[in-house]
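Structural overview for review
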Protein chains: 2
Amino acid sequence: MFRPLATPGQAGALTDIEGIRVGHATLEGAGRLTGTTVVVMPAGGAVAGVDVRGAAPGTRETDLLDPGCLVDRVHAIVLSGGSAFGLATAEGVMDGLYAAGHGWPMGAPGEVVPIVPAAVIFDLGRGGDFRGHPTAAEGAAALAAAGAHTPAGSAGSAGLGAGSAGSAGLGAGSAGTAGEEQLSEAPESEAPDREETLTEGRVGAGTGARAGSLAGGLGSASTILPDGSRVAALVVVNAIGSPVDPRTGELLAAHHCLPGDLPALVTPDPGEVAAYAAMRHTEAAAAGLLPGGATTIGVIATDATLTKAGCRRLAGAGHDGLARALAPVHTMLDGDTLFAVATGARPEPCLAGLLALHEAAAACVTRAVARAVLAATSVTMWPGTEREQRVLSYLDAFPSARDGSAPSSPTSPTC
Amino acid sequence: MFRPLATPGQAGALTDIEGIRVGHATLEGAGRLTGTTVVVMPAGGAVAGVDVRGAAPGTRETDLLDPGCLVDRVHAIVLSGGSAFGLATAEGVMDGLYAAGHGWPMGAPGEVVPIVPAAVIFDLGRGGDFRGHPTAAEGAAALAAAGAHTPAGSAGSAGLGAGSAGSAGLGAGSAGTAGEEQLSEAPESEAPDREETLTEGRVGAGTGARAGSLAGGLGSASTILPDGSRVAALVVVNAIGSPVDPRTGELLAAHHCLPGDLPALVTPDPGEVAAYAAMRHTEAAAAGLLPGGATTIGVIATDATLTKAGCRRLAGAGHDGLARALAPVHTMLDGDTLFAVATGARPEPCLAGLLALHEAAAACVTRAVARAVLAATSVTMWPGTEREQRVLSYLDAFPSARDGSAPSSPTSPTC
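The structure displayed is predicted, hence computed values, not measured ones. (Residues numbered from 1 in each chain as written. Chains lettered and ligands numbered in written order. Predicted model: local features only at pLDDT ≥ 70, side-chain atom pairs only at ≥ 80, totals over all residues. Heavy atoms only, no water.)

1. Quick word on the interface of chain A and chain B
Just so we agree on the cut-off: We call two residues contacting when some pair of their heavy atoms lies within 4.5 Å. Summed over both partners, the accessible surface that disappears when two parts come together, traced with a 1.4 Å probe, is what is meant by buried area. Salt bridge, as used here, is a side-chain nitrogen of Lys or Arg placed within 4 Å of a carboxyl oxygen of Asp or Glu. A 3.5 Å cut-off defines polar contacts: any pair of N or O atoms within that distance qualifies, except that in protein one atom must be a possible hydrogen donor and the other a possible acceptor, and neighbouring residues in sequence count only when both atoms are side-chain atoms. Residues are grouped as follows: Ala, Val, Leu, Ile, Met, Phe, Trp, Tyr, Cys and Pro are nonpolar; Asp, Glu, Lys and Arg are charged; all remaining types, including Gly, are polar.
Facing 35 residues of chain A, the contacting portion of chain B comprises 37 residues. Across the interface of chain A and chain B, roughly 3200 Å² is buried in total on both sides, 63% from carbon and sulfur atoms. Linking chain A to chain B there are 2 salt bridges. Between Arg 53 of chain B and Asp 51 of chain A there is a salt bridge, with the nearest N and O atoms lying 3.1 Å from each other. Between the two partners, chain A and chain B, sit 14 residue pairs in polar contact (both at pLDDT 80 or more). Tallied by class, residues from the side of chain A that touches chain B come to 19 nonpolar, 7 polar and 9 charged.

Next up, the structure:
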């Protein structure tokens, strides 16, 4: 029970949790390199908690997640670029959920307040325009991209979400603005297609992200536990710390990954490791040490039943997964924040089940970081400015890490 | 600055921080296998914070460490076996400090209240007698073993501790009861001997500890930062999680260690790795999953100037070090608690210095876990009961990990 035999979920992503949908809005070009990702809960919401472990967070609606506070369910969680400006994206998500009748019921029919906590990363200016950040419009677009919601009539009830859950939201791809056109009005009775997965890499909130001196991005991973419940994580890696083991050039998280998490990799050439070390040194000297300039944020989701306090504990367990994937992490310059949500479709775990759940949550976070970094592509940041810089993907910085004997596409990890 | 060139302190232990002294009381035999370790601050105390990350903690005087609370200095910190019963050891430490005039000044001369936070591990019954736990007497003995305090006249003043700091307290050894006889009345003007180090392994609070299925114990490590300030950690490893990498049999923390931290080690034989995995499986099935049955506790100390909030942040950084050394950690069954203290002998760090301090603190915690596990010796636990069991040290479980080409004594890691 301390080392559960972890089985990746069918899609290997947050959308493996019944009723959870994910949508991205990606802004790339015209001075922008940023975006927004929305995690939408089943109808009626999901119990939630948060653990903020970085010293420079940017958040919204996190105080109500304290176990002593009244509201015990959230209807969506927003992860966004744009630093504190990006918190405005939650407004668009709230408006969309309100229009569909989803929110905390306040009395009369239709009078609901959608509960939408949010956390942001700092990516301002990386597209060339410091104020080219996501707004409420991108929140709305990401919500639309997540696909149709479950029937509104059940808002306020227990969010079991079984049976009528929407399908996994496919993201907007790695370029262009995700728009309303992607709203998929799937029949509500349609069973979710478990083979679908969500787009990872430089997409949504991960579009302008960096991971140490490399391109960062968005990644996800999931596990089926021995008791049959599922846990999954979705992270946006914009860390000041490095995801790379400085001794070997391998990803710190690689050894925690399960078969299928990553394309086949080998230990890279020592020359590439030395070049990376030199790049890190130069970057560190030039970084300017801006508080809030880095952050890893994410959402852990499970279909087990947990209290708000239990969700906060689950989020805390996830932070150990960050510690194993990034070094350093939780610094004065990071706003590292993890949310955890429990849909309650399955029973409350026994104590052994809870231990396994926490350990798997940490592992999913670690694996999601690896997938985020592997899926990210090289990108030119601060274009047209004096800071213009080509930021390499892991596989462009360590091309020898590709295992030539394996056919996997390195930028599209499969599960 | 993200990867500071860390230089181990001269003694490689918590006592590298000027004015910090450590004393152990070890109870072994006659039904007892437990003990107490006291970390004594310089005269006037040290600013302190705490981060409790396990779900089953046993603590005392931690609420006052909240940054909003009045008292901003502690005079000692107690780490003890005996589960919640062991919190009584703080009484003996308080009495001793009071008698010497050390404490929070309440007005009239001599009217002081020593501030002595404490945290405990669960080791009840491992010596054969469930109630053979440390008491106030062991707290007093550990305080005495830490050696003479600095002059009492400075109690209540800023605890710079420079110049008149006591020497490093040598522990009581690995067997027998540390007693008042060990009280060393060293001349107060004597400069500390930096080559002294503290006893590690199954000593003091680490006497009855376990680390996964192996013998646990107490370890320490220190670093000199680029700005000249020091940071060090002392941990008592009684984790439910394992310190061993299940893929290789190596210590998870080994790769984080600095030259001199550990005796020379090699990757152990696969047969030993398989045997350990089988042992873990059997132990897990039989563990009974007792809440509070495991815990890693410790103290991080620095000579930099930090606020209470800064100390709490430093303690939090240390928990990342636990995540890298133990898996799982911070579970529902662990009471993982780290204190951090700042003596203020050196200036407040700049932001880059703070980043380096946090990263080094995490590394010291990781290294201290490795040293604790390597220094621990095999022991028979629950003797004379139906649970009697030989609990192996790491090097007895993985004898092939000893590097025959190196002369180091495996049970006495040197710095």
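2. Focus on the relation of the copies chain A and chain B
This is how the line gets drawn: Our superposition of the copies is a least-squares fit, built on the C-alpha atoms of residues whose pLDDT is at least 70 in both.
When chain A is fitted to chain B, the best match, at an RMSD of 0.0 Å, comes from turning it 180° and sliding it 0.0 Å along the axis. Seen this way, the second copy is the image of the first under a two-fold rotation axis. Looking at the interface residues of chain A, 100% of them are also at the interface in chain B, so both copies use one shared face.

3. Overview of the packing of helix H1 (residues 89-99) of chain B against helix H2 (residues 136-145) of chain B
Residues and elements named next belong to chain B. Note the following rule: Every axis in this analysis is a line fitted to C-alpha atoms, fitted for helices over the stretch in contact. Angles between the N-to-C directions lie between 0 and 180 degrees. Numbering of helices and strands runs from the N terminus; a helix is a DSSP stretch of H or I covering at least four residues, while a strand is a stretch of E covering at least two. What sets the label is the angle itself: under 35 degrees gives roughly parallel, over 145 gives roughly antiparallel, 65 to 115 gives roughly perpendicular, and the rest give oblique. Each crossing is labelled by how the near helix is turned from the far one, with a counterclockwise turn of less than a right angle marking it left-handed and a clockwise turn marking it right-handed.
At a closest axis distance of 6 Å, the pairing of H1 and H2 adopts a crossing angle of 50°. Here H2 runs oblique to H1, going by the angle between their axes. Remark: the crossing between H1 and H2 carries right-handed chirality. Contacts from Thr 89, Glu 91, Gly 92, Val 93, Gly 96 and Leu 97 in H1 reach Ala 136, Gly 139, Ala 140 and Leu 143 in H2. For the contact of H1 with H2, the class distribution of residues is 5 nonpolar, 4 polar and 1 charged.

4. Section: the side chain of His 330 of chain A
What counts, and what does not: Relative accessibility under 20% of the residue-type maximum defines a buried residue, over 50% an exposed one, and the middle range a partly exposed one, all with a 1.4 Å probe and only protein chains included.
Position of His 330 of chain A among the secondary structure elements: in the loop between helix H4 (308-325) and strand E15 (337-342). Residue classification places His 330 of chain A among the buried positions, given a relative accessible area of 4%. Of note is the side chain of His 330 of chain A, whose polar atom sits 2.7 Å from the side chain of Asp 320 of chain B. The contact partners of His 330 of chain A, leaving out residues within four places of it in the chain, are Arg 53, Gly 54, His 319, Leu 322 and Asp 336 of chain A together with Arg 313 and Asp 320 of chain B.

5. Concerning the packing of aromatic side chains
Residues and elements named next belong to chain B. What counts is decided by this rule: Ring geometry is summarised as follows: Phe, Tyr and Trp rings, the Trp one being its six-membered ring, pair when their centres sit within 6.5 Å, and such pairs are stacked at plane angles under 30 degrees, edge-to-face over 60 and tilted between the two.
Taken as a whole and judged by the stated rule, the model has 4 aromatic pairs over all chains. The interplanar angle of 50° and the centroid separation of 5.3 Å between the aromatic rings of Tyr 276 and Phe 398 together place this pair among those described as tilted. Taken together, the residues Tyr 276 in helix H3 (residues 270-286) and Phe 398 in the segment after helix H6 (394-397) connect sequence positions 122 residues apart. Judged by its relative accessible area of 0%, Phe 398 is buried.

6. Here's the deal with the nonpolar core
Taken as a class, soluble globular proteins show a tendency for nonpolar side chains to be buried jointly. Put simply, the rule is: Side-chain atoms within 4.5 Å are what join buried Ala, Val, Leu, Ile, Met, Phe, Trp, Tyr and Cys residues into a set we call a nonpolar core.
Residues Ile 300 and Tyr 394 of chain A together with Ile 300 and Tyr 394 of chain B are the most contacted members of the largest nonpolar core, which totals 96 residues. Contacts of Tyr 394 of chain A, omitting those with residues within four sequence positions, involve Leu 214, Val 244, Gly 249, Glu 250, Leu 251, Pro 268, Val 373, Leu 374 and Ala 401 of chain A.

7. Comments concerning the pairing of strand E2 (residues 32-40) of chain A
All names here are of chain A. For the record, the criterion: Whether two strands pair depends on DSSP finding at least two bridges between them.
Burial within E2 is extensive, with 8 of its 9 residues counted as buried. Sheet topology places strand E1 (residues 21-29) next to E2; 9 bridges connect them, and they run antiparallel. Of the residues in E2, the one forming a bridge with Gly 23 is Val 38. Linking two consecutive strands that pair antiparallel, namely E1 and E2, is a turn of 2 residues; a positive phi of about 55° is found at Ala 30 within it. Across 5 bridges, E2 lies against strand E6 (residues 76-80) in antiparallel orientation. Its bridge partner lying in E6, Thr 36 is registered against Ser 80.

8. Things to note about the environment of Met 381 of chain B
Residue and element names in this part refer to chain B. With respect to the element layout, Met 381 can be found in strand E16 (residues 379-381). Counting along the chain gives 353 residues from Met 381 to Glu 28, while the straight-line C-alpha distance between them is 11 Å. Sequence-distant contacts of Met 381, that is, excluding residues within four places in its chain, are made with Leu 33, Arg 126, Gly 208, Ala 209, Arg 210, Arg 387, Glu 388, Gln 389 and Val 391.

9. Focus: helix H2 (residues 136-145) of chain A
Residue and element names in this part refer to chain A. Most of H2 is tucked away: 7 of the 10 residues are buried. For H2, every residue scored as buried is listed here: Glu 138, Gly 139, Ala 141, Ala 142, Leu 143, Ala 144 and Ala 145. On the buried face of H2, the contacting elements are E1, E2 and helix H1 (89-99). Trailing H2 by a residue or two, Gly 147 shows a phi angle of about 95°, which is positive.

10. Side note on the pattern of salt bridges
All names here are of chain A. All told, the structure shown has 12 salt bridges over all chains when counted by the stated rule. Note that Arg 367 is salt-bridged to Asp 261, the shortest N-O span being 2.5 Å. You can see Arg 367 sitting in helix H5 (residues 351-375) and its partner Asp 261 sitting in the loop between strand E13 (230-238) and helix H3 (270-286), a full 106 residues away along the chain. According to the relative accessible area criterion, Arg 367 is buried, its value standing at 1%.

11. Quick word on the environment of Ile 300 of chain A
All names here are of chain A. Considering the arrangement of structural elements, one finds Ile 300 in strand E14 (residues 295-302). Judged by its relative accessible area of 0%, Ile 300 is buried. Remark: the alpha-carbon pair of Ile 300 and Ala 233, spanning 67 residues in sequence, is separated by 4.3 Å. Contacts of Ile 300, omitting those with residues within four sequence positions, involve Val 231, Ala 232, Ala 233, Leu 314, Ala 315, Gly 318, Leu 338, Phe 339, Ala 340, Val 341, Ala 361 and Val 365.

12. Some words on the sheet that holds strand E6 (residues 76-80) of chain B
Pairing between sheet strands relies on hydrogen bonds along the backbone, with the strands arranged either parallel or antiparallel. Residues and elements named next belong to chain B. Read from one edge of the open sheet, 5 strands run E1-E2-E6-E9-E4, paired in mixed fashion. Taken across any chain shown, the strands that pair with only one partner, and hence form the sheet edges, are strand E1 (21-29) and strand E4 (59-60). Sheet topology places E4 next to strand E9 (residues 118-120); 2 bridges connect them, and they run antiparallel. Its bridge partner lying in E9, Thr 59 is registered against Ala 119. Sitting on the sheet, H1 is in contact with strand E2 (32-40), E4, E6 and E9, with an inclination near 150° to E6. Relative to E1, H2 is tilted by about 135°, and along the sheet it contacts E1 and E2.

13. Some thoughts on the packing of helix H4 (residues 308-325) of chain B against helix H5 (residues 351-375) of chain B
Residue and element names in this part refer to chain B. Interaxial distance between H4 and H5 falls to 7 Å at its minimum, and their mutual angle equals 45°. In terms of orientation, H4 lies oblique with respect to H5. Considering the relative orientation of H4 and H5, their crossing is right-handed. Along its contact with H4, which presents Arg 313, Leu 314, Ala 317, Gly 318, Asp 320, Gly 321, Leu 322, Arg 324 and Ala 325, the element H5 presents Leu 357, His 358, Ala 361, Ala 362, Val 365, Thr 366 and Val 369. Counted by class, the contact of H4 with H5 contains 9 nonpolar, 4 polar and 3 charged residues.

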